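Next come the chains, spelled out residue by residue.
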Protein chains: 2
Amino acid sequence: MSELLSVEQTAELLKAVDKILILTHQYPDGDTLGSGFALCRALHAMGKAARVECSDAIPEKYGYLYASMQQSADFEPEFICAVDTADARLLGERLSVYEQRVSLCIDHHASNTHYAKKLLLIPEYAAAAIIIAEVIRALGVEIDRDMAACIYTGIATDTGCFKYANTTSYTLRMAADMMDLGADSETINRNMFDIKSRARIELERLALDNMRFYLNDRCAIMCIMADMIEKSGAGEADMEGLAPLPRQIEGVHVGVTLREKSDGDFKVSVRTGNHADASSICALLGGGGHMRAAGCMVAGPVEAAVETILGAVKAVIGE
Amino acid sequence: MSELLSVEQTAELLKAVDKILILTHQYPDGDTLGSGFALCRALHAMGKAARVECSDAIPEKYGYLYASMQQSADFEPEFICAVDTADARLLGERLSVYEQRVSLCIDHHASNTHYAKKLLLIPEYAAAAIIIAEVIRALGVEIDRDMAACIYTGIATDTGCFKYANTTSYTLRMAADMMDLGADSETINRNMFDIKSRARIELERLALDNMRFYLNDRCAIMCIMADMIEKSGAGEADMEGLAPLPRQIEGVHVGVTLREKSDGDFKVSVRTGNHADASSICALLGGGGHMRAAGCMVAGPVEAAVETILGAVKAVIGE
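Not measured: the values here are computed from a predicted model. (Residues numbered from 1 in each chain as written. Chains lettered and ligands numbered in written order. Predicted model: local features only at pLDDT ≥ 70, side-chain atom pairs only at ≥ 80, totals over all residues. Heavy atoms only, no water.)

A. Examining the overall build of chain A more closely. Scanning chain A from N- to C-terminus turns up 11 helices and 12 strands. Expected size for 319 residues packed as a compact globule is a radius of gyration near 20 Å; at 21 Å, chain A falls within 12% of this value. For the C-alpha atoms alone, the extent of chain A along its principal axes is close to 60 × 40 × 35 Å. Relative to all contacts within chain A whose residues are 6 or more apart in sequence, the contacts with residues 24 or more apart total 64%. Only carbon and sulfur atoms are counted for the fraction: they give 49% of the accessible area of chain A, which is about 13100 Å². Of note, chain A has its 30 positive side-chain charges centred 1 Å away from the centre of its 45 negative side-chain charges. (Helix = DSSP H or I, 4+ residues; strand = E, 2+ residues; numbered from the N terminus. Rg over C-alpha atoms; globule rule 2.2 N^0.38 Å. Contact = heavy atoms within 4.5 Å. Areas by Shrake-Rupley, 256 points an atom, 1.4 Å probe, with all protein chains shown as cover. Lys, Arg positive; Asp, Glu negative; His and termini not counted. Charge placed at Lys NZ, Arg CZ, Asp CG, Glu CD.)

B. Geometry of the pattern of salt bridges. Scanning all chains against the criterion turns up 42 salt bridges over all chains. Across the salt bridge formed by B:Lys163 and A:Asp194, the nearest N and O atoms sit 3.6 Å from each other. Of the two residues, B:Lys163 sits in the loop between α4 (145–158) and α5 (169–180) while A:Asp194 sits in helix α6 (residues 185–194), which places them in two different chains. Within the structure, one salt-bridge network assembled from shared partners comprises A:Glu202, A:Arg205, A:Asp209, B:Glu202, B:Arg205 and B:Asp209. (Salt bridge = Lys/Arg side-chain N within 4 Å of Asp/Glu carboxyl O.)

C. Geometry of the interface of chain B and chain A. In this complex, chain B contributes 38 residues to the contact, which on the side of chain A involves 39 residues. Taken together, chain B and chain A are joined by 14 salt bridges. On the surface where chain B and chain A come into contact, there are 18 residue pairs in polar contact (both at pLDDT 80 or more). Where the side of chain B that touches chain A is concerned, the elements lending two or more residues are α5, α6 (185–194) and α7 (198–209) of chain B. The greatest single-element share of the side of chain B that touches chain A, amounting to eight residues, is contributed by α5(B). In terms of residue class, the side of chain B that touches chain A is built from 15 nonpolar, eight polar and 15 charged. (Polar contact = N/O pair within 3.5 Å; in protein donor to acceptor, adjacent residues only side chain to side chain. Nonpolar A, V, L, I, M, F, W, Y, C, P; charged D, E, K, R; others polar.)

D. Broad picture of the packing of aromatic side chains. All told, the structure shown has seven aromatic pairs over all chains when counted by the stated rule. Taking the centre distance of 5.1 Å and the plane angle of 35 degrees together, the rings of A:Phe37 and A:Tyr66 count as tilted. One end of the pair, A:Phe37, is in helix α2 (residues 30–45); the other, A:Tyr66, is in the loop between β3 (50–53) and β4 (79–83), and 29 residues separate them in sequence. Judged by its relative accessible area of 31%, A:Tyr66 falls in the partly exposed class. Seen in terms of ring centroids, B:Tyr152 and B:Phe162 are 6.0 Å apart; in terms of plane orientation they differ by 70 degrees. Their pairing is edge-to-face. In this pair, B:Tyr152 is assigned in helix α4 and B:Phe162 in the loop between α4 and α5, connecting sequence segments 10 residues apart. With respect to burial, B:Tyr152 and B:Phe162 carry one shared label: buried. (Phe/Tyr/Trp six-rings, centres within 6.5 Å; stacked < 30°, edge-to-face > 60°. Buried < 20%, exposed > 50% of the residue type's maximum accessible area, 1.4 Å probe, protein only.)

E. Just the sheet that holds strand β2 (residues 20–23) of chain B, in detail. All names here are of chain B. Read from one edge of the open sheet, six strands run β1-β6-β5-β4-β2-β3, paired in parallel fashion. Each of the sheet's edge strands pairs with one partner strand only, and the pair in question is β1 (3–4) and β3 (50–53). Relative to strand β4 (residues 79–83), β2 is paired through four bridges, and the arrangement is parallel. Following the sheet pairing, Ile22 is matched in β4 by Cys81. The strands that helix α2 (residues 30–45) touches are β2, β3, β4 and β5 (104–107); relative to β3, the one it contacts most, it runs at about 170 degrees. The strands touched by helix α3 (residues 128–138) within the sheet are β4, β5 and β6 (118–121), with β5 carrying the most contacts at an inclination of about 120 degrees. (Pairing = 2+ DSSP bridges. Axes fitted to C-alpha atoms, helices over the stretch in contact; angles between N-to-C directions.)

F. Structural context of the sheet that holds strand β5 (residues 104–107) of chain A. Residues and elements named next belong to chain A. Taking strand neighbours across the sheet as the criterion, the six strands line up as β1-β6-β5-β4-β2-β3 in an open arrangement whose pairing is parallel. Both edges of this open sheet fall to β1 (3–4) and β3, since each of them pairs with a single strand only. In this structure, β1 lies alongside strand β6 (residues 118–121), joined through two bridges in parallel fashion. Note on β6: the bridge partner recorded for Glu3 is Lys118. Contacting β1, β4, β5 and β6, helix α1 (residues 7–15) runs over the sheet at an angle of about 140 degrees to β5. Each of β4, β5 and β6 touches helix α3 (residues 128–138); the most contacted strand, β5, lies at about 120 degrees to it.

G. Region of the structure containing the packing of α2(B) against α4(B). Residues and elements named next belong to chain B. Where α2 meets α4, the axes come as close as 8 Å, and the angle between the chain directions of the two elements is 160 degrees. As summarised for this structure, α2 and α4 are arranged roughly antiparallel, according to the angle between their axes. Handedness of the crossing formed by α2 with α4: left-handed. Residue-level contacts link Gly30, Asp31, Gly34, Phe37, Ala38, Arg41, Ala42 and Ala45 of α2 to Asp146, Met147, Cys150, Ile151, Thr153, Gly154, Thr157 and Asp158 of α4. Within the contact of α2 with α4, the residues separate by chemical class into seven nonpolar, five polar and four charged. (Parallel < 35°, antiparallel > 145°, perpendicular 65-115°, else oblique. Left-handed = near helix turned anticlockwise from the far one by under 90°.)

H. Here's a closer look at the relation of the copies chain B and chain A. With an RMSD of 0.4 Å, the operation that places chain B on chain A is a rotation of 180 degrees combined with a shift of 0.0 Å along the axis. Here the two chains are linked by the operation of a two-fold rotation axis. (Least-squares fit on C-alpha atoms with pLDDT ≥ 70 in both.)

I. Layout of the domain arrangement of chain A. According to the domain assignment, chain A consists of domain 1 (3–193) and domain 2 (198–317). Between the C-alpha centres of domain 1 of chain A and domain 2 of chain A there is a distance of 30 Å. (Domains from an automatic or database assignment.)

J. Quick look at the side chain of B:Ser35. Residues and elements named next belong to chain B. Relative to the helices and strands, Ser35 resides in helix α2. The class of Ser35 is buried, set by a relative accessible area of 0%. In terms of polar contacts, Ser35 uses its side chain to reach the backbone carbonyl oxygen of Asp31, at 2.7 Å. Aside from chain neighbours lying at most four places away, what touches Ser35 is Gly30, Val83, Ala128, Ala129 and Ile132.

K. Fine view of α6(A). Listed as buried for α6(A) are A:Ser185, A:Ile188, A:Asn189, A:Arg190, A:Met192 and A:Asp194. Contacts made by the buried residues of α6(A) are with α4 (145–158) and α5 (169–180) of chain A.

L. Focus on the pairing of β2(B). Residues and elements named next belong to chain B. What you see with β2 is no split at all: Ile20 and Ile22 on one side and Leu21 and Leu23 on the other are buried throughout. Sheet topology note: the β2/β3 ladder contains four bridges and is parallel. Across the sheet, the residue bridging to Leu23 is Glu53, located in β3. Where the polypeptide runs from β2 across α2 and back to β3, its parallel neighbour, the crossover connection is right-handed. (Right-handed = clockwise from strand over helix to strand, strands pointing away.)

M. The packing of helix α7 (residues 198–209) of chain A against α7(B), seen in detail. Put simply, α7(A) and α7(B) touch, their axes get as near as 10 Å, and they point 130 degrees apart. The angle between the axes of α7(A) and α7(B) places the two elements in the oblique class. As for the relative orientation of α7(A) and α7(B), their crossing is left-handed in sense. Contacts between α7(A) and α7(B) involve A:Ile201, A:Arg205, A:Leu208 and A:Asp209 from the former and B:Ile201, B:Arg205, B:Leu208 and B:Asp209 from the latter.

As structure tokens, this is what we get:
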């Protein structure tokens, strides 16, 4: 188990160290990157050497998070801090060399595996970036426009622009503070939520063509086959945010997205409303997750995969 | 011109009257309805007779705004207050009898035509519901859970869940206050933003099938033909929010949606990013609007309509 720290203790710890390597999780999102670059900018403002690393390439749309910022030249890290990363395995392949060496983890996932020596964990917060904002304040660093943009990005992306259940009044007030400090919410939200690639649009079209309804239309299943992904030209970044689509349809209690993997098996995402527990459905198939969002793997071919999933859905919500 | 009032003057005026008829605009949205029912509930809390009317049927999804509320029995109105209604003509056919008799208008549209005798206008605010919240506070009425839900709804719907450029830090803080007063933001946002009818999904699919790209892919045009609407079974409520789709595609500066009307002409919606002025494009075709969103009518058939629009787009953004 990690030693648990408060925001103040975390700030004291960071004040005492230099040459800080900040690690973000693989398949990086707005919260891990916003958290990482906000913290890095704050440490730079204190005159410390710091840089952010990620196992994967950072998608272009996040470029503004580190624009106008110089990563400190390569250094042998004295202190390693992971942000928004619940499990050391989520650091990904390239950063896996650091798995056993993480000095501090700053996170908001209740499922954090306590892999770091010290841990600042606030699971009530909608985004790790909110914790970062509190840490920066505790460091005595003024949050500038660029840090504010990073923090706003983390909050907005992890809450679906303040739409998800994790959004509290404190979430909104912290985002309001970041706007007052200069975060350009309009531009950030346009880049994060409004722009879709043509490949993504094409993939959505093919996937919608392919949606089927079951159990008196209470269950919708959308199959994303390997050949559809290839035909659309969609990359990993284009696949984000597809899983919620089936559940958004009126009357659908259980929305399922199947994605064909290279070995012919299927990655399954289950999303539910108030009437069904997604984690119970996926647990029946060896997976897990949360009440409203869970996942598992099932064997192909696609007809068999659909049958398997329908069996689990029926077991949970009835015929 | 209307006599302009402050929030405090508006509250004093409302304290002095009874039998208040609250008018909302036609094709009602979350802001006009949220504003109307929040104000109505506050007036009831003061022991006054008040009821909300709308020329059109209120879509089912807004039912929670007036659930648990009794409209006051039919009365001859002593005072008529329009909310979120910029022009008397927007009251719609059924309420047009009141056009010349509006005592007070509470609005946030800069384009308000001053049709009411008195006017509380705050164009800086993202939603009329924010003004209503200030008026209720000035009336000395405690905002209860139901009023908070109404006000939150107005704010969330008029800002695209805090995504649009009209969102300020004050907008977020007012929404945060409403959450603290009991507005169930999760349920409200799910109903307002997450649920799509099957007809809508089908129409989106058909419309995406039909999207074409022009001018080095800087312009995307989506044609919604009458037979597609019929085939999908989509009603007027299912058509909301389709116009932004073409502009959301990466690299598209001008997104155009054409909708075939019963006479074979086309209603055109133009949406633009930073690189083009939608109102200039539509002005060339006899229409108008804002920098980022404008509209006009063009003659069919569809091939001719597309040519006409492309001509105007080229004239504004070049070949």
